[in-house]
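# Coordinate analysis (summary)
Residues per chain are reported as follows:
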Amino acid sequence: MTIFKEIVDEEFLTVSETKELLADIEAERALDEDRELRYELARAIEHVNRFTVLDPEDAQALVDDLEDLEKVDEATAYKIANLLPRNRDELRSVYAQQRYSLSGDELDEILNVVAQYE
């Protein structure tokens with residue numbers, strides 16, 4: 001017998017938003033002395049604590065500003081907000097799997113938006 005899992009809902013999150021959610025889960029688990037943090041959860045918490053730069057409001061504002069640009073879709077906006085690329089090469093890696101490439105001016109426009117939030 002094969003068990004299939006179905007995706008019911010999907011939502012993009014920034015690392016900052018994820019940090020808040022995981023902090024709530026960690027606090028909830030800390031209240032219950034009998035429950036330990038699973039390895040995966042502990043690693044996820046460690047990851048978001050290490051890589052969160054912006055607060056959730058600024059991260060969401062960055063995503064919104066990026067989505068206003070022509071060549072940035074929702075998924076890409078979240079990737080950029082999570083990675084905060086600082087130069088063209090780092091930004092090109094975000095677009096590496098796309099079927100199109102961006103011009104230097106388009107890359108610079110995106111980097112200028114990101115620079116406003118760093």
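Residues numbered from 1 in each chain as written. Predicted model: local features only at pLDDT ≥ 70, side-chain atom pairs only at ≥ 80, totals over all residues. Heavy atoms only, no water.

The protein is annotated in an unreviewed UniProt entry as DNA-directed RNA polymerase subunit Rpo4 from Natronorubrum daqingense. Looking at the Subcellular location (unreviewed entry) heading of the UniProt record, one finds this comment for the protein: "Cytoplasm". Of the comments in the UniProt record for the protein, the one headed Function (unreviewed entry) reads "DNA-dependent RNA polymerase (RNAP) catalyzes the transcription of DNA into RNA using the four ribonucleoside triphosphates as substrates. This subunit is less well bound than the others." (UniProt positions renumbered as here; feature names shortened; annotations may be inferred.)

### Remarks on the overall build of the protein
Scanning the protein from N- to C-terminus turns up 6 helices and 0 strands. When the elements of the protein are put in sequence order from the N terminus, they spell out α-α-α-α-α-α. In terms of overall size, the protein is more extended than a compact globule, its C-alpha atoms giving a radius of gyration of 17 Å where 118 residues would be expected to give roughly 13 Å. By principal-axis analysis of the C-alpha atoms, the protein measures approximately 55 × 40 × 20 Å. With 118 residues in all, the protein has 29% of them scored as buried. Carbon and sulfur atoms make up 46% of the accessible area of the protein, which amounts to about 8,900 Å² in all. When the 13 positive and 32 negative side-chain charges of the protein are each reduced to one mean point, those points stand 8 Å apart. (Helix = DSSP H or I, 4+ residues; strand = E, 2+ residues; numbered from the N terminus. Rg over C-alpha atoms; globule rule 2.2 N^0.38 Å. Buried < 20%, exposed > 50% of the residue type's maximum accessible area, 1.4 Å probe, protein only. Areas by Shrake-Rupley, 256 points an atom, 1.4 Å probe, with all protein chains shown as cover. Lys, Arg positive; Asp, Glu negative; His and termini not counted. Charge placed at Lys NZ, Arg CZ, Asp CG, Glu CD.)

### Thoughts on the packing of aromatic side chains
Applying the stated criterion across every chain yields a total of 2 aromatic pairs. Between F12 and Y78 the ring centres are 5.6 Å apart and the planes differ by 20°, which places this aromatic pair in the stacked class. Placement of F12 in the segment before α1 (15–31) and of Y78 in helix α4 (residues 74–83) is noted, with a sequence separation of 66 residues between them. What makes F12 partly exposed here is its relative accessible area of 33%. (Phe/Tyr/Trp six-rings, centres within 6.5 Å; stacked < 30°, edge-to-face > 60°.)

### Thoughts on a negative patch on the surface
Taken together, the side chains of E20, D24, E28, D32, E33, D34, D55, E57 and D58 present a region of like negative charge at the surface. Looking at the negative patch, the elements with two or more residues in it are α1 and α3 (56–67). The topology assignment puts E28 in helix α1. (Patch = residues over 30% accessible without salt bridge, like charges linked within 9 Å, V, L, I, M, F, W, Y side chains within 5 Å. Salt bridge = Lys/Arg side-chain N within 4 Å of Asp/Glu carboxyl O.)

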